[in-house]
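Understanding the architecture of this molecule
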Amino acid sequence: MNSQRLLRHSDQQPLKIAVTRPSGQETALMTELKAAGAEPYHIPLLAIEELEETPVDRSTLLDLDHYSKVICVSPVTANLFLDRLDQYWPQPPAKTLWVTPGAGTAAILDDYGLPVVYPEQGDNSEAMLTLPALTEVAGEKILLCKGEGGRPLLKSTLEERGAQVKELFFYKRVCPPILSAERELLQSEYFDVILISSLDALNHLVQLAGAEPGLFNTLLLVSSPRLRQEARALGFKKIVQAKGAGGQWQQAALESIASQR
């Protein structure tokens, strides 16, 4: 990417961006944004806590070959799943197809040697549900690997299409503390853009920063139609929706934002 693409059009100053991903998941995006001329600042609005494996979880993993498809919804999920897969399946089931929302998660599974498909355009649940692999699924058993909570869209839509869907939870999302200086930055319209890629992060943003006018006047870049709707309901006035949470979609949306500021 050209190093000038994330400069504000009006004054050619770096676009100030709040990256809210959990600690440890922000590095690649921060590097890409800096290389593109932006000034990213990491304020994690989520923390990930791995869940202990239960006997039911273990039984589900031992029955992995009963599922025609396994969906991993994020890189965190994929990495945690593979850690457990190693314990029970030295040789993964040969007939299982793996599905992810984007290229980043797919690369983790592909590197492990698993056959994986993902949408070329967008990397959210809506895009995943357009994949041929998830369109005609009547009578199939599908394993949905994810964190606690999250969107119900995948499960409900696949069940409407006739699939039997089993959820396997690997982690929970918690609200981390933030520094008072970080809270003040969020409240003061210091940032040109705040990146939000989950409902939990959006709710934690309001919880941590409070209902300050400066917060609600800051532009939010969200990664799905549902987040756009929820942000509007909370009172945010400026919302842009990217095609997904992947770096390429985030940067494409940020380029458009920079050209208009």
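Residues numbered from 1 in each chain as written. Predicted model: local features only at pLDDT ≥ 70, side-chain atom pairs only at ≥ 80, totals over all residues. Heavy atoms only, no water.

1. Quick word on the overall build of the protein chain
What the protein chain contains, in helices and strands, is eleven helices and eleven strands. For the protein chain, whose C-alpha radius of gyration is 19 Å, the value lies close to the compact-globule estimate of 18 Å for 261 residues. Within the span of the protein chain, comprising 261 residues, buried residues form 48% of the whole. Counting contacts in the protein chain only where the partners sit at least 6 residues apart, residues at least 24 apart contribute 65% of the total. Here the protein chain displays about 12100 Å² of accessible surface, and carbon together with sulfur accounts for 49% of that area. (Helix = DSSP H or I, 4+ residues; strand = E, 2+ residues; numbered from the N terminus. Rg over C-alpha atoms; globule rule 2.2 N^0.38 Å. Buried < 20%, exposed > 50% of the residue type's maximum accessible area, 1.4 Å probe, protein only. Contact = heavy atoms within 4.5 Å. Areas by Shrake-Rupley, 256 points an atom, 1.4 Å probe, with all protein chains shown as cover.)

2. Some points on helix α11 (residues 247–259)
Side chains of residues three or four places apart in an α-helix project in the same direction, reflecting 3.6 residues per turn. Taking 1.5 Å per residue as the helical rise, α11 with its 13 residues ought to reach 18 Å, and the 18 Å between its terminal C-alpha atoms agrees with that figure. Burial in α11 covers these residues: Trp249, Gln250, Gln251, Ala253, Leu254, Ile257 and Ala258. (Expected span 1.5 Å × (residues − 1).)

3. A look at the environment of Ala35
By secondary structure assignment, the location of Ala35 is in helix α1 (residues 27–35). Classification of Ala35 by relative accessible area gives partly exposed; the value is 47%. Remark: the alpha-carbon pair of Ala35 and Asp57, spanning 22 residues in sequence, is separated by 42 Å.

4. Brief notes about the packing of aromatic side chains
This model, assessed by the stated rule, comprises five aromatic pairs. Here Phe81 and Trp98 contribute two aromatic rings whose centre-to-centre distance is 5.2 Å and whose plane-to-plane angle is 75 degrees, an arrangement assigned as edge-to-face. Note that Phe81 is positioned in helix α3 (residues 75–88) and Trp98 in strand β5 (residues 97–99), a separation of 17 residues in sequence. Here Phe81 falls in the buried class, since its relative accessible area comes to 0%. Both rings, one in Tyr190 and one in Phe191, keep their centres 5.2 Å apart while their planes meet at 85 degrees; by these two values the pair is edge-to-face. One aromatic cluster is present, built from ring pairs that chain together Tyr41, Tyr190 and Phe191. Cation over ring: Lys141 sits above Tyr67, and NZ or CZ is 5.1 Å from the ring centre. (Phe/Tyr/Trp six-rings, centres within 6.5 Å; stacked < 30°, edge-to-face > 60°. Lys NZ or Arg CZ within 6 Å of the ring centre and 35° of its normal.)

5. What about helix α2 (residues 55–62)?
Turning to α2, its buried residues number three or more, namely Asp57, Thr60 and Leu61. End-on view of α2: buried residues confined to an arc of 95 degrees, all on one side of the axis. Looking at α2, the residues exposed on the side facing more than 90 degrees away from the buried face are Pro55 and Val56. Turning to α2, the residues buried within the fold contact α3, β7 (141–147) and β8 (164–174). (Arc of directions from axis to C-beta.)

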